[in-house]
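Observations on the model geometry
Each chain is listed here by its residues.
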Amino acid sequence: MVEKNYRRRGGEIDLILRQGEALVFVEVKLRRGVGFGDPLEAVTPRKQSTIRAVAEQYLAEEEPEFSEARFDVVGILAGEGQPRVQHIRDAF
Amino acid sequence: MPVRGVDGSKNNDEESFTIMPVCRARSQTHLGIDAVPVEVEVDVSAGLPGFAIVGLPDAAVQEARERVRVAITNSGYKFPTKKVIVNLAPAHLRKEGPAFDLPIALAVLAVSGVVPPESLEGVGVIGELSLDGGLRGVRGALSIAEGARREKLPRLILPEMNMTEAASISGVEVYGVKTLRQAADLLSNKMEMSPAHPSPNGTSNGGLHADDFADVTGQRYAKRALEVAAAGGHNALLSGPPGSGKTMLARRLPGILPPLTMDESIEVTKVHSAAGTGGGTLVKERPFRAPHHTISTSGLAGGGSNPRPGEVSLAHHGVLFLDEFPEFSRGTLEVLRQPLEDGHVTISRVAATLSYPARVTLVCSMNPCPCGYAGDRRKVCRCSAGQIERYQGRVSGPLLDRIDLFVDVPRLTREELRGDEKAEPSEAIRERVAEARETQMERQDVPNSVLAGRRLREVCALRGDSEALFSQAIDRLGLSGRAHDRVLRVARTVADLSGAPAIEVEHLAEALNYRSSRFVDR
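The structure contained in this document is the topic of the report that follows. It should be emphasised that the depicted structure is a prediction, and the values quoted were computed from it without experimental measurement.

About the criteria used
By convention here, each chain's residues receive numbers from 1 onward along its written sequence. Think of it this way: whatever chain is written first is A, whatever ligand is written first is 1, and the rest follow in order. Totals for whole chains, interfaces and linings use all residues, but because this is a predicted model, local features are given only for residues with pLDDT of at least 70 and pairs of side-chain atoms are given and counted only at 80 or more. Helix numbering and strand numbering both begin at the N terminus, where a helix is a DSSP run of H or I of at least 4 residues and a strand a DSSP run of E of at least 2. Exposure classification rests on a simple neighbour count of other C-beta atoms within 10 Å of a residue's own: a residue reaching 20 or more is buried, one at 12 or fewer is exposed, and one in between is partly exposed. C-beta atoms are placed from the backbone. Orientation is described by lines fitted to C-alpha atoms, with helices fitted over the stretch in contact, and by angles between N-to-C directions that extend from 0 to 180 degrees. In this scheme, roughly parallel covers angles under 35 degrees and roughly antiparallel covers those over 145, while 65 to 115 is roughly perpendicular and the rest are oblique. For a crossing to be left-handed, the near helix must be turned anticlockwise from the far one by less than a right angle; the clockwise case is right-handed. In this description, a residue-residue contact is defined by the distance between C-beta atoms placed from the backbone, which must lie within 7 Å. In the scheme used here, Gly and all other residues not listed as nonpolar or charged are polar, with Ala, Val, Leu, Ile, Met, Phe, Trp, Tyr, Cys and Pro taken as nonpolar and Asp, Glu, Lys and Arg as charged. What a helix should span is 1.5 Å times the count of its residues minus one. Here, any two strands with at least 2 DSSP bridges between them count as paired.

Quick notes on the overall build of chain B
In terms of helices and strands, chain B carries 21 helices and 18 strands. Taken along the three principal axes of its C-alpha coordinates, chain B extends 95 × 45 × 45 Å. Counting only residues that meet the buried cut, chain B has 46% of its 522 residues in that class.

Considering the environment of P242 of chain B
Take P242 of chain B: it is sitting in the loop between β10 (236–239) and α8 (246–251). Since 13 C-beta atoms lie within 10 Å of it, P242 of chain B is described here as partly exposed.

Concerning the packing of helix α19 (residues 464–477) of chain B against helix α21 (residues 505–513) of chain B
Residues and elements named next belong to chain B. Put simply, α19 and α21 touch, their axes get as near as 9 Å, and they point 20° apart. By the angle between their axes, α19 is roughly parallel relative to α21. Once α19 is placed against α21, the crossing between them reads as right-handed. Touching D465, S466, L469, F470 and A473 of α19 are V505, L508, A509 and L512, all from α21. Considering only residue class, the contact of α19 with α21 consists of seven nonpolar, one polar and one charged.

Describing the interface of chain B and chain A
Reports of interface size often rely on the accessible area that becomes lost once the parts have come together. Each partner contributes to the interface: chain B provides eight residues, whereas chain A provides 13 residues. Its residues placed into classes, the side of chain B that touches chain A shows three nonpolar, four polar and one charged.

Brief notes about unusual backbone geometry
Here A89 of chain B and P90 of chain B are connected by a cis peptide whose omega angle stands at 0°. On the secondary structure map, P90 of chain B appears in the loop between β4 (83–89) and α3 (101–111). Of note, N5 of chain A is a non-glycine position whose phi angle comes to about 45°, a positive value. By secondary structure assignment, the location of N5 of chain A is in strand β1 (residues 3–8). For N5 of chain A, a count of 9 C-beta atoms within 10 Å gives the class exposed. Even without glycine at this site, E63 of chain A takes up a positive phi of about 45°. Along the chain, E63 of chain A falls in the loop between α1 (45–62) and β4 (68–77).

Observations concerning the environment of A358 of chain B
Residues and elements named next belong to chain B. In this structure, A358 sits in the loop between β16 (353–357) and β17 (361–366). With 45 residues separating them in the primary sequence, A358 and S313 have C-alpha atoms 4.4 Å apart. When neighbours within four sequence positions are excluded, A358 is seen to be in contact with V312, S313, H316, P339, G343, H344 and V345.

Quick word on α19 of chain B
When the terminal C-alpha atoms of α19 of chain B are compared, their 20 Å separation across 14 residues agrees well with the 20 Å that a helix rising 1.5 Å per residue should span. Of the residues trailing α19 of chain B, G478 of chain B is marked for its positive phi of about 60°.

A closer look at the sheet that holds strand β3 (residues 22–31) of chain A
All names here are of chain A. Strands sit in the order β1-β2-β3-β4-β5 across an open sheet of five strands; the sheet is mixed. For this open sheet the edge positions go to β1 and β5 (84–88), each flanked by a neighbour on one side alone. In this sheet, neighbouring strand axes are inclined to one another by 30° on average, regardless of whether the strands run parallel or antiparallel. By the bridge criterion, 10 bridges tie β3 to β4 in an arrangement that is parallel. What sits directly across from E27, in β4, is V73.

Examining helix α9 (residues 262–274) of chain B
All names here are of chain B. Between its first and last C-alpha atoms α9 spans 18 Å; for 13 residues at 1.5 Å apiece the expected length is 18 Å, and the two agree. The complete set of buried residues in α9 reads S265, V268, T269, K270, V271, H272, S273 and A274. Looking one or two places after α9, you find G276, whose phi comes out positive at around 80°.

Here we look at the packing of helix α2 (residues 64–74) of chain B against α3 of chain B
Working note: a packed helix pair is described by the angle between its axes plus the distance between those axes. Residue and element names in this part refer to chain B. Contact geometry of α2 with α3 gives a least axis separation of 10 Å together with a crossing angle of 50°. Between α2 and α3, the angle is such that the two are oblique. Seen along the crossing, α2 lies across α3 with a hand that is right-handed. Contacts from A64, R67, V68, A71 and I72 of α2 reach α3 at D101, I104, A105, V108 and L109. Among the residues making up the contact of α2 with α3, the classes are represented as eight nonpolar, no polar and two charged.

Concerning the sheet that holds strand β14 (residues 319–322) of chain B
Hydrogen bonding along the main chain pairs the strands of a sheet, whether they run parallel or antiparallel. Residues and elements named next belong to chain B. Spatially, the five strands line up as an open sheet ordered β11-β14-β17-β10-β18, and their pairing is parallel. Only two strands of the sheet have a single neighbouring strand rather than two, namely β11 (288–289) and β18 (405–408). Pairing between β10 and β17: four bridges, direction parallel. By the bridge assignment for β17, L237 is matched with C364.

Laid out in structure tokens, this is it:
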């Protein structure tokens, strides 16, 4: 884990992780029901571009060393009982 | 509502590496009145949920995304929360219309495991979805069934309301379904269904028409000419003063047209179905189209950015009646030249060049001059020679050259108006016409009006007296090459009407008589 709730002008990145050589920007979405759709569906193109923009700011400020960067999304559906977790690598 | 979709993926990191097969459904789109195959491929991959359609879709196809997604959910299935890509192949062909909804939905259900993917093999699918999962009818079902047969697809699934029309094509099992759910159940063998049978009763009223020739007194010459026109499919121009009955006569023409053959019937239905004006069954009556003279060029010939057949194609194998012929704009009339000669219209647009069939019997009516009374027995014409010339000049020579029968419809005499002579009913004329047409089809497989080249010379060979008469007439009337052929064809039809095996002098004389008119100067 590198950063948590990295917040800059225009948005926020929930988690920034390092996995070996790779830098991973993670968006975590929690939903308590599917009434408004799947948690993963909530990561709209607009949300994606926000995350991209903030990630660029992070790279500019921190100048970290990495060989690949990727965006992951984790969807958590917390209904009654066991929550369901879905992790999508390289989501966009 | 039970969620039945099979979402067998495990909620762990490994799912991104699960390879899911691409599912395919076979569908079709229209190019002109014919259907061309389109393959609908659906791929589902791990990734953020999304739904994209590629393969040159137009707006209505793009909107299929929303319809398909909602219809799948409302039918009680689960739309995959994955990245769904739909490809419509071949990619170069522009896809239009909402008819891809059903194939897309079924292919999506196949990738999510609701219907077995292999069940879509050898099945043509077409249909528009409504939001509740019901199916709406599509245009051109007959062409699609024909296309399915050409593609050797043994089965075809389409909306129930298109079933009867499509079932007229033999060799393809047609299944009409009401909902997406029925289609899915049919494919996964959860529902028994028998293919549709062709219905014997098409839209035919058995030759019964409200307007009957029995109601028309006098005008025996014009009636006879229309009988010849109907029997051989020849073009006719009715000319005469206002009120003499030109329109009335023409409107009675449908009642004496010969019945459509099966092949003709299918062709006519294809055109009407492609235009979206079909009644959902096979057309059994020859069309009779009478567009108003304000019609535009593309209205008559066909066209538009999503090309539709025009009036000349909708009148295919039937009659195109143009009342007040000179009132049509000149440019509009000239587009008739190609269809009258070749029997089809070729429309070139940015998107595609396509051809609609347009083998019509052209019947038009006109007054001889602006005031209408030139050449009349009683009333004096008020028009100057220049006015008359200009008026008649609105119809170009090349177009007049394509008319076979120039029919004078003069003012009725007092005796004709008041007499109670009972004229021959349409039914009797129709019988003669049908018999003459049958003779033609048996002899040469096409109506006399389509005869050309060597076939024409063989079928319309002249002997002795008639040959001499014809040679004389060619010189005296100054017949063009085209007019020469046209006279022969008409003479052949006159001979067929009287049951004569060869063209005799009287037949030829009658045909030549139709070349001249008291009212129209050529």
